[in-house]
Amino acid sequence: MRALIVIPARMAATRLPGKPLADIHGKPMIVRVAGEALRAMKGPVLVAAGDAEIAEAARKAGYDAVLTDPALPSGTDRIHEAVKAFDRSGQYEAIVNLQGDMPTIKPGTIEAAIRVLAEGQADIATLVSPSSAQEDRDNPNVVKAVMAMSAPDRGRALYFTRAAAPWGEGPIWRHVGLYVYRRAALDRFVAAPPSPLELREKLEQLRALEMGMSIEAGVVDDFPKGVDSPADLEAAREALKGRT
């Protein structure tokens, strides 16, 4: 399966404006993320930039970049526009949506998500990471996947929620915000309006489930945290200390 890794990014983050260009040991965050994507070695890396300075930083570091409409409502819309411009012939079957604020993502984690899509029949692949910590269960910023497990390391996502779910004994499945779309599934997804559950939970992936699309999730130990605040940025700098 030929995969194209696309990283959406824009400067207008609410809690940490300009974060794609935030310095992490001499490199902008967007370049750090692109570097980890390149190490996955599953295809080219494309930055879907909402601002010219992001595109410039990516190109300066040697990565392809497409400048997208800054008014687009989501990162998924941004990657869709960038893919249409970059791959007019449709040679890439799988489109990876890798968030631009995940500088601690591991290449193996990206590979795992692509493998889930390639080995199954789902429209979309993603990842989950187990946790038994009560603070994760109770934290609405930790999105939980409710899973129908088909194997110890694989399952079908039934729902995603910010609530503490599922009820009862056992770990929760923390959702890792990384998606791999079949090309046709991405086209269908962005053509549909936001769904009621998506708007209520503020979780874009619920649109796909409400549309009847299938989402398969692989289980990984890694749980890369996104950078949403100055404290998160400092944590990422600490985690990447000594990395070139």
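Residues numbered from 1 in each chain as written. Predicted model: local features only at pLDDT ≥ 70, side-chain atom pairs only at ≥ 80, totals over all residues. Heavy atoms only, no water.

A few points about the packing of aromatic side chains
Turning to step 1, where the next piece is worked out: Taken as a whole, this structure holds two aromatic pairs when the rule is applied.
Turning to step 2, where the next piece is worked out: Ring geometry for Tyr 179 versus Tyr 181: centroids 6.1 Å apart, planes at 40 degrees, classification tilted. Each member of the pair, Tyr 179 as well as Tyr 181, is classed as buried.
Turning to step 3, where the next piece is worked out: Measuring from ring centre to ring centre gives 6.0 Å for Tyr 181 and Phe 189, while their planes differ by 55 degrees; the resulting arrangement is tilted. (Phe/Tyr/Trp six-rings, centres within 6.5 Å; stacked < 30°, edge-to-face > 60°. Buried < 20%, exposed > 50% of the residue type's maximum accessible area, 1.4 Å probe, protein only.)

Re the pairing of strand E8 (residues 144-151)
Moving residue by residue along a regular strand, the side chains alternate between the two faces of the sheet.
Turning to step 1, where the next piece is worked out: The pairing of E8 with strand E9 (residues 154-161) spans seven bridges and is antiparallel. When the bridges of E9 are listed, Met 149 appears paired with Gly 155.
Turning to step 2, where the next piece is worked out: Turn length for the E8-E9 hairpin, with the two strands adjacent in sequence and antiparallel, is two residues.
Turning to step 3, where the next piece is worked out: With two bridges joining them, E8 and strand E10 (residues 172-182) adopt antiparallel strand pairing. For Ala 145, the partnering residue across the bridge sits in E10 and is Trp 173. (Pairing = 2+ DSSP bridges. Helix = DSSP H or I, 4+ residues; strand = E, 2+ residues; numbered from the N terminus.)

What about the side chain of Arg 183?
Turning to step 1, where the next piece is worked out: Structurally, Arg 183 is set in helix H6 (residues 183-191).
Turning to step 2, where the next piece is worked out: You can call Arg 183 buried: its relative accessible area is 19%.
Turning to step 3, where the next piece is worked out: Here the side chain of Arg 183 touches Asp 87 through a polar contact of 2.7 Å, side chain to side chain.
Turning to step 4, where the next piece is worked out: At 3.1 Å, the side chain of Arg 183 forms a polar contact with the backbone oxygen of Tyr 92.
Turning to step 5, where the next piece is worked out: Excluding its chain neighbours within four sequence positions, the residues that come into contact with Arg 183 are Val 83, Asp 87, Gly 90, Gln 91, Tyr 92, Glu 93 and Ile 95. (Polar contact = N/O pair within 3.5 Å; in protein donor to acceptor, adjacent residues only side chain to side chain. Contact = heavy atoms within 4.5 Å.)

Looking at the pairing of strand E7 (residues 124-131)
Turning to step 1, where the next piece is worked out: With seven of eight residues buried, E7 lies mostly within the body of the structure.
Turning to step 2, where the next piece is worked out: Inspection of the sheet shows E7 paired to E10 by seven bridges, in the antiparallel sense. Paired with Ser 131 across the strands is Ile 172, a residue of E10.
Turning to step 3, where the next piece is worked out: Across five bridges, E7 lies against strand E11 (residues 215-219) in parallel orientation. Bridge pairing links Thr 126 to Ala 217 in E11.

Looking at the pattern of salt bridges
Turning to step 1, where the next piece is worked out: Overall, the coordinates contain ten salt bridges when judged by the stated rule.
Turning to step 2, where the next piece is worked out: Salt-bridge contacts for Lys 19 lead to Asp 101; the nearest nitrogen and oxygen are separated by 2.9 Å. Linking Lys 19 in the loop between strand E1 (3-9) and strand E2 (23-24) with Asp 101 in the loop between strand E6 (94-98) and helix H4 (107-119), this pair joins segments that are 82 residues apart in sequence.
Turning to step 3, where the next piece is worked out: Look at Asp 101 and you get buried, because its relative accessible area is 16%.
Turning to step 4, where the next piece is worked out: By relative accessible area, Lys 19 is classed as buried at 11%. (Salt bridge = Lys/Arg side-chain N within 4 Å of Asp/Glu carboxyl O.)

Some points on helix H2 (residues 52-60)
Turning to step 1, where the next piece is worked out: Those residues of H2 that fall on the buried side of the exposure criterion are Ile 54, Ala 55, Ala 57 and Ala 58. Seen from one end, H2 has its buried residues packed into an arc of 160 degrees, which puts them on one side. Among the exposed residues of H2, those oriented more than 90 degrees off its buried face are Glu 56 and Lys 60.
Turning to step 2, where the next piece is worked out: Residues of H2 that are buried sit in contact with E1, strand E3 (27-28), helix H1 (29-40), strand E4 (45-49) and strand E5 (64-67).
Turning to step 3, where the next piece is worked out: In the stretch just after H2, Gly 62 is the one whose phi turns positive, near 100 degrees. (Arc of directions from axis to C-beta.)

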